[in-house]
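Below, each chain spelled out in residue letters.
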Amino acid sequence: MLTVRNLVVSGGKGASRVDIVSDVSFEIERRKVLGLVGESGSGKSITSLAVMGLLPHPQLWVRGGSIELDGADITEEPPYLRVERGHGGVSMIFQEPMTSLNPVVPIGDQIVEAVRVHDGSTGITARNRAQELLEMVRIPDARLQLTAYPHELSGGMRQRVMIAIALACRPQVLIADEPTTALDVTVQMQVLSLIRELCDTFDMGVLFITHDLGVVSELADSVSVMYGGKIVENGPVERLFNVPLHPYTSGLMNCVPDPSAGHRRFQTIPGQAPKPGEITKGCRFAPRCRHAQAVCTTDTPAKVVDGPLHSAQCHFPIARGAS
Ligand SMILES: Nc1ncnc2c1ncn2[C@@H]1O[C@H](COP(=O)(O)OP(=O)(O)O)[C@@H](O)[C@H]1O
Ligand code: SF4
Ligand SMILES: [Mg+2]
């Protein structure tokens, strides 16, 4: 449904221009969840804001590539994008519902506002639809909760309200940017299973953004791994977890604590992710990669494939079974 091809997002002008997101491509399919993972600063949120047409102009803009929804290019035409973004198009839920919800307006009124703008209904019809949406996201006593203020709800409930507002637009594609990061683990699981259920019930495709590989393994059908503004590996979730090709993917997996592994040092990837424009030649992961060789600092890695759906950008991909 949503196809992003060779997306480039840039900031700055003239000689100070830098590419924050480079050559990013992915597809979101109906009833499928694509997990977009990577460290903080890798460009995940900027990618999603570009898809939504919400980049902070004039600082950041789409410099290249295409974003297509159902075959129609939504990169170039803001008025069309406005419609698509609002109705039957792409909806987004953000990380921290407390900053996205208006603290002085009851949640019912905030959902009604979304229903009124995107569905065109008013009065009792809009109110009933708001209640229906709260029921869809499993808020108990939905009718009573319509009058609650955000601070009267728990973090998990607030995130459900954000999901209800996103659903008011009857989206084909839902983008969720770290929607469970601020929640504790049990509530996180409930919100994840709700997103999975809604994806099936409403025939939606989901782009799920997170830095947490554990969450991706629970929810996603396929994964794209992002580093320094580029996608370095993508593939079906099981394949990518069992046979990672890129040293960065393997490094991220080693960082996930394993309670069954007995007493061992907690692993990290040494160094820090590059800032946009910091590395312009070769592989952006080279300064932190223990497999790096001289060519990695001079030549851009070509694509290597492992079957039709699994690929990575690396000069020396990890051999099967190695770590
Ligand atoms: N408005 C902006 N202007 C310039 N650079 C930005 C802006 N917003 C974010 N960035 C930079 O873009 C990079 C990617 O940011 P972001 O997409 O938020 O990362 P992630 O969501 O993966 O943590 C970061 O290096 C960040 O500093
Ligand atoms: S191209 Fe080289 S530096 Fe980059 S990930 Fe592969 S082996 Fe490491
Ligand atoms: Mg982010």
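Conventions adopted
- Residues numbered from 1 in each chain as written.
- Chains lettered and ligands numbered in written order.
- Predicted model: local features only at pLDDT ≥ 70, side-chain atom pairs only at ≥ 80, totals over all residues.
- Heavy atoms only, no water.
- Buried < 20%, exposed > 50% of the residue type's maximum accessible area, 1.4 Å probe, protein only.
- Helix = DSSP H or I, 4+ residues; strand = E, 2+ residues; numbered from the N terminus.
- Phe/Tyr/Trp six-rings, centres within 6.5 Å; stacked < 30°, edge-to-face > 60°.
- Lys NZ or Arg CZ within 6 Å of the ring centre and 35° of its normal.
- Pairing = 2+ DSSP bridges.
- Axes fitted to C-alpha atoms, helices over the stretch in contact; angles between N-to-C directions.
- Contact = heavy atoms within 4.5 Å.
- Parallel < 35°, antiparallel > 145°, perpendicular 65-115°, else oblique.
- Left-handed = near helix turned anticlockwise from the far one by under 90°.
- Nonpolar A, V, L, I, M, F, W, Y, C, P; charged D, E, K, R; others polar.
- Domains from an automatic or database assignment.
- Buried area = accessible area lost by both parts, 1.4 Å probe.
- Salt bridge = Lys/Arg side-chain N within 4 Å of Asp/Glu carboxyl O.
- Right-handed = clockwise from strand over helix to strand, strands pointing away.

Enquirer: Sorry, what's going on with helix H1 (residues 44-52) here?
Expert: Turn by turn, an α-helix covers 3.6 residues, leaving residues three or four places apart pointing in a common direction. Counting buried residues along H1, 8 of its 9 residues qualify, which places the element largely inside the surrounding structure. Those residues of H1 that fall on the buried side of the exposure criterion are Lys44, Ile46, Thr47, Ser48, Leu49, Ala50, Val51 and Met52. Looking one or two places after H1, you find glycine 53, whose phi comes out positive at around 75°.

Enquirer: So what exactly am I meant to see when it comes to the packing of aromatic side chains here?
Expert: What characterises a pair of aromatic rings is the spacing of the ring centres plus the angle enclosed by the ring planes. Using the criterion set out here, one finds 3 aromatic pairs in the structure. Seen from their ring centres, tyrosine 227 and tyrosine 248 are 4.5 Å apart, and the 55° between their planes marks the pair as tilted. Of this pair, tyrosine 227 sits in strand S9 (residues 222-227) while tyrosine 248 sits in helix H11 (residues 247-254), and the two are 21 residues apart along the sequence. Geometrically, the ring pair formed by tyrosine 248 and phenylalanine 285 is edge-to-face, given 5.2 Å between the ring centres and 65° between the ring planes. Taken together, the residues span a long stretch of sequence, with tyrosine 248 in helix H11 and phenylalanine 285 in the loop between H11 and strand S11 (303-305) at a distance of 37 residues. Note on tyrosine 248: relative accessible area 0%, which makes it buried. Grouping aromatic residues by their ring pairs yields a cluster made of Tyr227, Tyr248 and Phe285. Residue placement shows lysine 13 over the ring face of tryptophan 61; its charged tip is 4.2 Å from the ring centre.

Enquirer: Any chance you could explain the sheet that holds strand S7 (residues 173-177) here in plain terms?
Expert: Within a sheet, each strand pairs with its neighbour through backbone hydrogen bonds, oriented either parallel or antiparallel. Read across the sheet, 8 strands follow the order S6-S7-S8-S3-S9-S10-S12-S11 without closing on themselves; strand pairing throughout is mixed. In the strand order of this sheet, the two ends are held by strand S6 (90-93) and S11, each with one partner. Within this sheet the neighbouring strands show an average axis-to-axis angle of 20°, counted without direction. Two strands pair when backbone bridges link them, and S11 and strand S12 (residues 311-313) are joined in this way by 3 bridges, in the antiparallel orientation. Residue pairing in the sheet places lysine 303 in a bridge with glutamine 313 of S12. Set on the sheet, H1 makes contact with strand S3 (33-37), S6, S7, strand S8 (205-210) and S9; between it and S6 the angle comes to about 145°.

Enquirer: Can you walk me through the packing of helix H7 (residues 155-167) against helix H8 (residues 185-201) in this structure?
Expert: Any two packed helices are characterised by the angle at which their axes cross and by the distance between the axes. Contact geometry of H7 with H8 gives a least axis separation of 10 Å together with a crossing angle of 15°. One element, H7, and the other, H8, form an angle in the roughly parallel class. In terms of crossing hand, the pair formed by H7 and H8 is right-handed. Every residue of H8 that contacts H7 at Gly156, Gln159, Arg160, Ile163 and Leu167 is listed here: Val187, Gln190, Val191, Leu194, Ile195 and Leu198. Per-class residue counts for the contact of H7 with H8 are 7 nonpolar, 3 polar and 1 charged.

Enquirer: Mind showing me how you'd approach the domain arrangement of the protein chain here?
Expert: When the parts of a complex come together, some accessible area is lost, and that lost area is often taken as the interface size. Domain boundaries in the protein chain define domain 1 (1-89 + 169-257) and domain 2 (106-168). Put simply, the middle of domain 1 and the middle of domain 2, counted by C-alpha atoms, are 25 Å apart. The partner domain 2 presents 15 residues to the 17 residues of domain 1 that form the contact. Taking both sides of the interface into account, the surface hidden between domain 1 and domain 2 amounts to around 1,400 Å²; carbon and sulfur atoms contribute 63%. It is Cys169, Arg170 and Leu194 in domain 1 that bury the most area against domain 2; as a group they hold 35% of the surface buried on that side. One can count 1 salt bridge joining domain 1 with domain 2. When the shortest N-O distance is used, the salt bridge between arginine 138 and glutamate 197 registers 2.2 Å.

Enquirer: Looking at this structure, how should I read the pairing of S8?
Expert: Working note: regular strand, side chains alternate between the two faces of the sheet. Among the 6 residues in S8, 6 count as buried, and that is most of the element. Judged by which residues are buried, S8 turns out to be covered on both faces: Gly205, Leu207 and Ile209 on one side and Val206, Phe208 and Thr210 on the other are all buried. Bridge count for S3 against S8 is 5 bridges, and the pairing is parallel. Bridged to valine 33 within S8 is valine 206. Handedness of the crossover joining S7 and S8 through H8: right-handed.

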